[in-house]
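This is what each chain is made of:
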Amino acid sequence: MVHEVAQRGFGREADVYERSRPSYPPQAVAWLVDRLRLRPGAVVADLAAGTGKFTALLLPTGASVVGIEPVEGMRRVLRQKLPTVPVVAGTAEAMPIKSSSLDAVSVAQAFHWFDAEKAFVELARVLRPGGRVGFAWNARDRSVDWVDGVWAIMDEVERRAPWRDHDNWRDAAFGQRRHFGPLESESFRHEHVTTPAGVVERILGVSHVAALPAPEQQAVLDKVRRLLDEHPDTRGRPELGIPYRVDCSWTERR
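Residues numbered from 1 in each chain as written. Predicted model: local features only at pLDDT ≥ 70, side-chain atom pairs only at ≥ 80, totals over all residues. Heavy atoms only, no water.

Q: Sorry, what's going on with the side chain of Thr-251 here?
A: Looking at the element boundaries, Thr-251 is found in strand E7 (residues 240-252). Of note is the side chain of Thr-251, whose polar atom sits 2.8 Å from the backbone oxygen of Gly-181. (Helix = DSSP H or I, 4+ residues; strand = E, 2+ residues; numbered from the N terminus. Polar contact = N/O pair within 3.5 Å; in protein donor to acceptor, adjacent residues only side chain to side chain.)

Q: What is the right way to read the nonpolar core from this model?
A: With 29 residues, the main nonpolar core has Leu-47, Val-105, Val-107, Phe-111 and Phe-114 as its most contacted residues. Sorting the residues of this core by element identifies strand E1 (43-47), strand E2 (64-68), strand E4 (102-108), helix H6 (116-126), strand E5 (127-140) and helix H8 (166-174) as the ones contributing at least two each. Considering every element that reaches this core, the biggest residue donor is H6, with six residues. The residues touching Val-105, leaving out its near neighbours within four places in the chain, are Leu-36, Val-44, Ala-45, Leu-47, Leu-123, Val-126, Leu-127, Arg-132, Val-133 and Gly-134. (Core = buried A, V, L, I, M, F, W, Y, C linked by side-chain atoms within 4.5 Å. Buried < 20%, exposed > 50% of the residue type's maximum accessible area, 1.4 Å probe, protein only. Contact = heavy atoms within 4.5 Å.)

Q: Help me out: how do you make sense of helix H3 (residues 26-36) in this one?
A: Of all the positions in H3, only Ala-28, Val-29, Trp-31, Leu-32, Val-33 and Leu-36 are classed as buried. For H3, the elements touching its buried residues are helix H4 (55-58), E4, E5, strand E6 (184-194) and E7. Of the residues flanking the end of H3, it is Arg-37, one or two places downstream, whose phi is positive at about 55°.

Q: Any chance you could explain the packing of helix H7 (residues 145-157) against helix H11 (residues 214-230) here in plain terms?
A: Relative orientation and spacing of two packed helices are given, respectively, by the angle between their axes and the distance between those axes. Packing of H7 against H11 brings their axes to within 10 Å, and their N-to-C directions diverge by 165°. The angle between H7 and H11 falls in the class roughly antiparallel. Between H7 and H11 the crossing geometry is right-handed. Contact with H7, carried on its side by Trp-146, Gly-149, Val-150, Ile-153 and Val-157, involves Val-220, Lys-223, Val-224, Leu-227 and Leu-228 of H11 and no other residues of that element. Of the residues assigned to the contact of H7 with H11, the class counts are eight nonpolar, one polar and one charged. (Axes fitted to C-alpha atoms, helices over the stretch in contact; angles between N-to-C directions. Parallel < 35°, antiparallel > 145°, perpendicular 65-115°, else oblique. Left-handed = near helix turned anticlockwise from the far one by under 90°. Nonpolar A, V, L, I, M, F, W, Y, C, P; charged D, E, K, R; others polar.)

Next up, the structure:
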């Protein structure tokens, strides 16, 4: 089963998601690649791969990479973007992968959609003993006033979103990790530089906005445009930077 909002929103606006979402900073990617021991000969699945934002960053390691993504619209974009990467339909709770066949699994910007307990049981099944799973999130940094204003608009739209209160949610979810050892975590910072129109698209690419009926969706986007037009730090500027805190973690299959 895929969360209804993820299925509808990501399926409808997969191209917008690919254009508007930030990537991940090199330091965070290098940290996870090192912890997951990705190198030629290793086999890694990028779980809930989406449009391949993180998948593409694994290819330079020389590891064999497969994408697992449940939403057809996302798979379509991923195949267009990375035609040499095998992509299969599947969820974290039911992966179409043989038992004990993977050296590593990566999960970027997605674990909040999973049933944590069932997902860790399935991860334990597909990973070889000693295999590792790594997680990454671009967490919203609200330290800049106009950026906080944009996310404040989203607060009303996302009241029931599964990632609300990110830190407490993550701690609770990771407490469900059966069959795995201690969790190691690190945080990084980066900035997504875009245009005012890109900021609006960034909001359109959020699942809860993408899934709205057209009139409600337009009302949300108009609020964002109005804020960018009126705020003294954004008014008339051709380029804007959205800050993020990137939270990374990994753990090993016992």
